[in-house]
Amino acid sequence: MENFKIEVDSDGVALVTFDVPGRSMNTLTASVIREIGEIVERIKSDAEIKGVVITSGKTTGFCAGADLGELGGNGGLGGGAGGEAGLKAAYDAGFALNKAFRALETCGKPVAAAINGLAMGGGLEIALACHYRVVADNPKIQLALPEAKVGLLPGAGGTQRLPRLMGVMAAAPYLLEGKSMKPAEALANKVVHEVVPVEQVVEAAKTWVKTKGDPVAPWDKKDFKLPGGGPYTPTGGQVFIMGNAMLRKQTYGNYPAQLNILKAVYEGTQVPFDAAIRIETRYFLKTMMSPQAKGMIRTLFLSLQELGKGSGRPANVPPSEAKKVAVLGAGMMGAGIAYVQAMAGIETVLIDQSQEAAEKGKAYAENLLKKAVSRGKMTQDKADKVLSLITPTTDYAHVKGSDLVIEAVFESREIKADVTQKAEAQLAETAIFGSNTSTLPITGLAKASVRPKNFIGIHFFSPVDKMGLVEIIMGEETSDEALAKSIDYVLKIKKTPIVVNDSRGFYTSRCFGTFVQEGLEMLADGIAPAIIDNVGRATGMPRGPLEMNDDVALDLGYKVTQQTKKDLGDKFEDRPFAPVIEKMVVELQRYGRKNGKGFYDYPENGPKTLWKGLSDLMPVKIAEADQALIQEIRTRLLYRQAVEAARCFEEGVITDPREADVGAILGWGFAPWTGGPISLIDSVGAKAFVEACDALAQKYGKRFSPPALLREMAEKGETFYGRFGAKAKTAA
């Protein structure tokens, strides 16, 4: 066999070592599934084998789950065939893993799993199909069924075995949210039977097989009872009633995976186990064929992995490593950048106008490190070493020797030009200068530089320590060397880079801005602010547009607008809501969450509430919403962002659908269930999307008008992932 090695000891215990060749991590490929069937046949037919222990031959973990690249490729399960034959082929393919694991579970001989590292998805499911589970005593090990995070449901018995082990209520967060367990937690939940030092996992599993080995799973015994009761018991019934309501509250019906998981558990726990896994497979297939699953798998798994490996990096530039990086500006953004750099082992110079401000920036990192130590996530010694890497100062002489400079000062051309010149005076010719601007074109900022080829945009998102995306912006003169070094830096600080071309607002800020602006347009239309924000959240966005405006700060948006107006002159187009924003910022000093008053009031004690004075500035004309209005608001908010993303493609601001979708979800929280704005357009279809946008443009204005590229794609029946497939690598 290619993926497994079998060794039978003198006691008749077969040690099955799982080790997929050529891969850093074990995954469940088609050949692995086939070989599991062969292993089961040998276990059953070989009289010498009295029991089995399954372990991993890799130090990286036990098994990371199904190979989603293989699962989503080649037309998907069933090879893309249609009709009844296609459905049967899809079911057979979907049931293959369940069938293999069930055969292992019912082979008639005791089977134990010796889990020596992480077990995710199908990796945990194969362990659950074993009669006994021993896991290594390492708090870094994760045991999880994370399929819901990419729009899928566990399809190899996970929705049936986990509730039968821990009860439906206890299993719910691990199934619906993809929550991870550490070994001690798994033991407490009765998901594993023993936690032992890693060097003892195989021996402990063998001991159980030889001394107590029971070849029958609990749910196959006549006296089995579901912990906590089934759907028609008083306790179990309440779990499903409440669970359904909570699911609706959290997902707004946008995620079929979670609903189908709940259905599979509800139906499966009422029938014998063999029927239960057939039910699971049907829901697995139904979920996988949904546009949500296709988009989420592609964006949140496949594309994210590719970009996380630096797929946009120029191949002709040798690898580089940033060892010293200067950060200009010790405000919230600069302080966050300094922290993630130090965490990556980079010597960091943190510069501000006063020593007090620079020290305050370093204190931000110190507070985060204190929290990590208090929570047992880091030793004090490690925290001290990280903190020692940050040097707060006002002296630009400390910039000398830096491989890279990150400028993170205010969105002002004059201030940015001043610090650029001061820093460049200290830099070597090979060093890179990166501006963390969110809106100002890089080519214009590079005019202050004496080395425009080494000048690039490196746009972080706040809070830096939590946000996983960095948008890299190419100016007109930016070199491939500057791009490659910037990507190497972003990967070193463990962020995901996307590469875009120069434009006002670039890609992320430009598209995100349309979301908050459309909320303001609705406010100007007279729609009640509560309706706008409630529907905004129901689209799958993390906040409503007015809430989001408060979060990013109204005064920041106002300053950006003033700079844009100054730059564009007569070409700038004022919007109906502009005077209201000006009054709120300039006259009323309502800046948003940061000073406790914006569209909402933020009392020190208690939840935020909508500002009552807002109705005086923008009178409410529509105080109630029927389903038609709710659907229209949803469409306006999502399509306004998506059509702007399409414009970015037409203008060459962004050229890779993967980067557009990953950037949207990681950067500004675009509704993950869609797979991103480009996946949304592809799933709707360019023709239908153009027709919907034309109708919105006729009613609300030219901001919804589809670009010529989209009209051309609609006529040809093209998709973005098809048209730009040479870059995308993954089929639509």
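Heads up: the structure comes first, above all this text.
Every value quoted in this text rests on a predicted model; they were computed, and no experiment measured them.

What counts and what doesn't
- Residues numbered from 1 in each chain as written.
- Predicted model: local features only at pLDDT ≥ 70, side-chain atom pairs only at ≥ 80, totals over all residues.
- Heavy atoms only, no water.
- Phe/Tyr/Trp six-rings, centres within 6.5 Å; stacked < 30°, edge-to-face > 60°.
- Buried < 20%, exposed > 50% of the residue type's maximum accessible area, 1.4 Å probe, protein only.
- Lys NZ or Arg CZ within 6 Å of the ring centre and 35° of its normal.
- Helix = DSSP H or I, 4+ residues; strand = E, 2+ residues; numbered from the N terminus.
- Contact = heavy atoms within 4.5 Å.
- Disulfide = S-S within 2.5 Å.
- Polar contact = N/O pair within 3.5 Å; in protein donor to acceptor, adjacent residues only side chain to side chain.
- Pairing = 2+ DSSP bridges.
- Axes fitted to C-alpha atoms, helices over the stretch in contact; angles between N-to-C directions.
- Right-handed = clockwise from strand over helix to strand, strands pointing away.

K.L.:
Mind showing me how you'd approach the packing of aromatic side chains here?
P.N.:
Scanning the entire structure with this criterion turns up 15 aromatic pairs. Aromatic pair Trp-668 and Phe-670: ring centres 6.4 Å apart, planes at 75 degrees, arrangement edge-to-face. With respect to class, Trp-668 is no different from Phe-670; both count as buried. The interplanar angle of 15 degrees and the centroid separation of 6.0 Å between the aromatic rings of Phe-720 and Phe-724 together place this pair among those described as stacked. Accessibility expressed as a relative area gives 0% for Phe-720, which makes it buried. An aromatic cluster is present here, built from Trp-219, Phe-224 and Phe-273 joined pairwise through their rings. Above the ring of Tyr-600, the side-chain terminus of Lys-608 is found at 5.0 Å from the ring centroid.

K.L.:
Before we go on, may I ask you to explain the environment of Leu-445 in this structure?
P.N.:
Residue placement: Leu-445 occurs in helix 17 (residues 442-445). A relative accessible area of 7% means that Leu-445 is categorised as buried. In this structure the C-alpha to C-alpha distance between Leu-445 and Glu-414, which are 31 residues apart in sequence, comes to 9.4 Å. When residues no more than four places from it in sequence are discounted, the contact partners of Leu-445 are Arg-413, Lys-416, Ser-435, Thr-437, Leu-440 and Phe-455.

K.L.:
It is not clear to me how the state of the cysteines should be interpreted in this structure. Could you clarify?
P.N.:
What makes a disulfide is a covalent bond joining the sulfur atoms belonging to two cysteines. Counted according to the given criterion, the structure contains zero disulfides. Note on Cys-693: no disulfide assigned, nearest cysteine sulfur contributed by Cys-511 at a separation of 13 Å.

K.L.:
Is there a simple way to think about the side chain of Thr-478 in this case?
P.N.:
Within the element layout of this structure, Thr-478 appears in the loop between strand 16 (469-474) and helix 18 (480-492). Residue classification places Thr-478 among the buried residues on the basis of a relative accessible area of 11%. Of note is the side chain of Thr-478, whose polar atom sits 2.7 Å from the backbone oxygen of Phe-455. At 2.8 Å, the side chain of Thr-478 forms a polar contact with the backbone nitrogen of Gly-475.

K.L.:
Can you help me understand the sheet that holds strand 15 (residues 455-459) in this one?
P.N.:
Think of a sheet as strands paired side by side through backbone hydrogen bonds, with each pair either parallel or antiparallel. Strand order in the open sheet formed by eight strands is 12-11-10-13-14-15-16-17, and the pairing between neighbours is mixed. Where the open sheet ends on each side, the last strands, each with one partner, are strand 12 (390-393) and strand 17 (496-501). Each adjacent strand pair in this sheet contributes to an overall mean axis angle of 25 degrees, direction not counted.

K.L.:
Where do I start with the pairing of strand 3 (residues 51-56) in this structure?
P.N.:
Residues in a regular strand point their side chains to alternate faces of the sheet. Counted residue by residue, strand 3 has six buried out of six residues, so it is predominantly covered. Burial along strand 3 is two-sided: Gly-51, Val-53 and Thr-55 and Val-52, Ile-54 and Ser-56, pointing in opposite directions, are all buried. For the handedness criterion, the β-α-β arrangement of strand 2 (residues 13-18), helix 1 (residues 30-45) and strand 3 is classed as right-handed. Sheet topology note: the strand 3/strand 4 (residues 111-115) ladder contains four bridges and is parallel.

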